[in-house]
Amino acid sequence: MAAITLEKLNKHYGSVYHAVKDVDLAIADKEFVALVGPSGCGKSTTLRMIAGLEDISSGDIRIGGRIVNHLPPRDRDVAMVFQNYALYQHLSVYDNLAFGLRNKKTPEADIRAAIDRAAGMLGLHELLQRKPKQLSGGQQQRVALGRCIVRNPQVFLFDEPLSNLDAKLRAQMRIEIKRLHAEIPTTSVFVTHDQVEAMTLGDRVVIMRDGRIQQIGTPLQVYGKPANKFVAGFIGAPAMNFIDVAVAVSPSGVTSVEAWGIKLTVSDANARALAVRNGDRVIMGVRPEHLMLGDGAPGMGFDAGVEVVEQLGSEILLETLVGNTSITAARVPAETKIARGDQVRLSVQPGRLHFFDPETELPISA
Ligand SMILES: Nc1ncnc2c1ncn2[C@@H]1O[C@H](COP(=O)(O)OP(=O)(O)O)[C@@H](O)[C@H]1O
Ligand SMILES: [Mg+2]
């Protein structure tokens, strides 16, 4: 059993820089958690504190119920994979895989069995006699993963292990890591700045910003119910559109939101939350994939000027201008005849609007 619990975890570098702030996180045994956020938000620092590679300033870290705050890394039973795989260049793949186990004086027969199993899982059998420089980047990263697997640790910690790979290999390795976790379910924390990686790999996703956790949830939760405007803009690609709008409740009680060139009728649920803000400005969020070409449902359409057409083959991505607001629309059918300068009608799928308070940036909900 290797649940990981972080309680009020803080890290100060020197006397002024507060890199990790009051982080509370409970990771279940065998769970795969993805820690995501922009560069410099404190992901690596958090991971390195779990590994024991960085002192903690305050708080508690538990692994398998035991407080490990001051335990050296080798006594925490964790294995870490970095962006730089750091293989021993003069050793064969086999000897790289065997290295840690030989240090622990594991019998050679047991080492062979562990390597055989890991090599089978990662497709390394035909590479075992090669030196690292005879391997591609993806193969080297697989060996680095193999080195962790053979140790059979309680916890896997990954720090952007796929960042050095090209896009195609990254996608392949993502699948391998997922398969690996299905075959040997080991508690894992995976740090990445790439929200697609976080969403596809994590049982749960933890979004960090400026040293603080913004939201913890399943991929569907953080996509569907972002905890604030930052999460709303960070999760999802292309990013959510944000538009400053004014709330208007008509004499007959219909709630709409308005901006230059836009007037949308909001759903009943949104209307309940927005009605008390009649006349106020709020931030409306709508994801590019929830904007369709055409009129759509009544009260959900607006006119937009086409600025850029990005043909992806499977679909078109449209950059449009409404008033002086840029709005991106995805999911436009690839065959659509459309060009820069065209006027188009866009419509929002009902129930897909998000609203945020302009001061607190928190969601406005009933
Ligand atoms: N050894 C260090 N000394 C001082 N500041 C550091 C040190 N390591 C990291 N930092 C700072 O702490 C912040 C968080 O860093 P890090 O955890 O590496 O971010 P991330 O992995 O999310 O990109 C950054 O602003 C970084 O500059
Ligand atoms: Mg980092």
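A. Quick peek at the overall build of the protein chain. A tally of helices and strands in the protein chain yields nine helices and 20 strands. Taking the contacts inside the protein chain whose residues are at least 6 apart along the sequence as the reference set, 66% of them involve residues at least 24 apart.

B. Main features of the nonpolar core. Counting 92 residues, the largest nonpolar core has Ala 34, Leu 35, Leu 157, Val 189 and Ile 207 as its most contacted members. A per-element tally of this core places helix α4 (residues 137–151) first, with six residues. Sequence-distant contacts of Leu 157, defined by excluding residues within four places in its chain, comprise Leu 47, Ile 50, Ala 51, Val 78, Met 80 and Val 189.

C. Structural detail: the sheet that holds strand β19 (residues 343–348). Strand order in the open sheet formed by five strands is β15-β19-β16-β17-β18, and the pairing between neighbours is antiparallel. Strands at the two margins of the open sheet, each flanked by one partner only, are β15 (291–293) and β18 (325–333). Strand-to-strand twist of the sheet, defined as the mean angle between neighbouring strand axes without regard to direction, takes the value 45°. Here five bridges tie strand β16 (residues 301–311) to β19, and the two strands are oriented antiparallel to one another. If you follow Gly 305 over to β19, its bridge partner there is Gln 343.

D. How the structure looks around the site of ligand 1. What surrounds ligand 1 is the set Tyr 13, Tyr 17, Ala 19, Gly 37, Ser 39, Gly 40, Cys 41, Gly 42, Lys 43, Ser 44 and Thr 45. Counting only elements with at least two residues in the shell around ligand 1, the list comes to β2 (17–27) and α1 (43–51). No other element matches α1, which puts three residues into the shell around ligand 1. Looking at side-chain class alone, the shell around ligand 1 contains four nonpolar, six polar and one charged residues.

E. Fine view of the domain arrangement of the protein chain. Split into domains, the protein chain comes out as domain 1 (4–234), domain 2 (239–287 + 358–366) and domain 3 (301–347). When each unit is reduced to the centre of its C-alpha atoms, the spacing between domain 1 and domain 3 is 40 Å.

F. Geometry of the sheet that holds strand β10 (residues 212–217). As summarised here, the arrangement of the six strands in space is β6-β7-β8-β3-β9-β10, forming an open sheet in which the pairing is mixed. Each edge of the open sheet carries a strand with a single partner, namely β6 (78–81) and β10. Averaged over all adjacent pairs, the angle separating strand axes in this sheet is 15°, with direction ignored. Across five bridges, the pairing between strand β7 (residues 155–159) and strand β8 (residues 187–192) is parallel. Across the sheet, residue Val 155 finds its bridge partner in β8, namely Thr 187.

G. Up close: the pairing of β7. Buried residues dominate β7, accounting for five of its five residues. Residues Val 155, Leu 157 and Asp 159 of β7 are buried on one face, and the alternating residues Phe 156 and Phe 158, pointing to the opposite face, are buried as well. Taken together, the four bridges between β6 and β7 define a ladder with parallel strand orientation. Paired with Ala 79 across the two strands is Phe 156, which belongs to β7. Running through helix α5 (residues 167–183), the crossover from β7 to the neighbouring parallel element β8 is right-handed.

H. Region of interest: unusual backbone geometry. Cis geometry marks the peptide bond from Ala 237 to Pro 238; its omega dihedral reads -5°. Structurally, the position occupied by Pro 238 is in the loop between α8 (229–234) and β11 (241–249). Its identity is not glycine, yet Lys 8 carries a phi of approximately 45°, on the positive side. According to the C-beta neighbour criterion, Lys 8 is exposed, with 11 such atoms within 10 Å. For Glu 160, which is not glycine, the phi dihedral falls at a positive 45°. Mapped onto the elements of the fold, Glu 160 is located in the loop between β7 and α5.

I. Broad picture of the environment of Ser 58. Mapped onto the elements of the fold, Ser 58 is located in strand β4 (residues 58–63). Ser 58 sits 123 residues away from His 181 along the chain, and the two C-alpha atoms are 31 Å apart.

J. A look at the pairing of β4. Strand direction decides the pairing type here: strand β1 (residues 4–13) and β4, joined by five bridges, are antiparallel. Note on β4: the bridge partner recorded for Leu 6 is Ile 61. Here β4 hands over to strand β5 (residues 66–67) after two residues, with Gly 64 in that stretch at a positive phi of 60°.

K. Inspection of the environment of Asn 84 at higher detail. Relative to the helices and strands, Asn 84 resides in the loop between β6 and α2 (93–103). Distance in space between the C-alpha atoms of Asn 84 and Asp 159 is 9.4 Å, their sequence separation being 75 residues.

L. Here's a closer look at the packing of helix α3 (residues 108–122) against α4. Contact geometry for α3 and α4: axes closest at 9 Å, N-to-C directions at 140°. Considering their axes alone, α3 and α4 lie oblique with respect to each other. Remark: the crossing between α3 and α4 carries right-handed chirality. On the side of α3, the interface is formed by Ala 114, Ile 115, Ala 118, Ala 119, Met 121 and Leu 122, while α4 contributes Arg 142, Leu 145, Gly 146, Ile 149 and Val 150. In terms of residue class, the contact of α3 with α4 is made up of nine nonpolar, one polar and one charged.

Each value, and the rule that gives it
Residues numbered from 1 in each chain as written. Chains lettered and ligands numbered in written order. Predicted model: local features only at pLDDT ≥ 70, side-chain atom pairs only at ≥ 80, totals over all residues. Helix = DSSP H or I, 4+ residues; strand = E, 2+ residues; numbered from the N terminus. Contact = placed C-beta atoms within 7 Å. Core = buried A, V, L, I, M, F, W, Y, C linked by C-beta atoms within 7 Å. Buried ≥ 20, exposed ≤ 12 C-beta atoms within 10 Å, placed from the backbone. Pairing = 2+ DSSP bridges. Axes fitted to C-alpha atoms, helices over the stretch in contact; angles between N-to-C directions. Near = placed C-beta within 6 Å. Nonpolar A, V, L, I, M, F, W, Y, C, P; charged D, E, K, R; others polar. Domains from an automatic or database assignment. Right-handed = clockwise from strand over helix to strand, strands pointing away. Parallel < 35°, antiparallel > 145°, perpendicular 65-115°, else oblique. Left-handed = near helix turned anticlockwise from the far one by under 90°.

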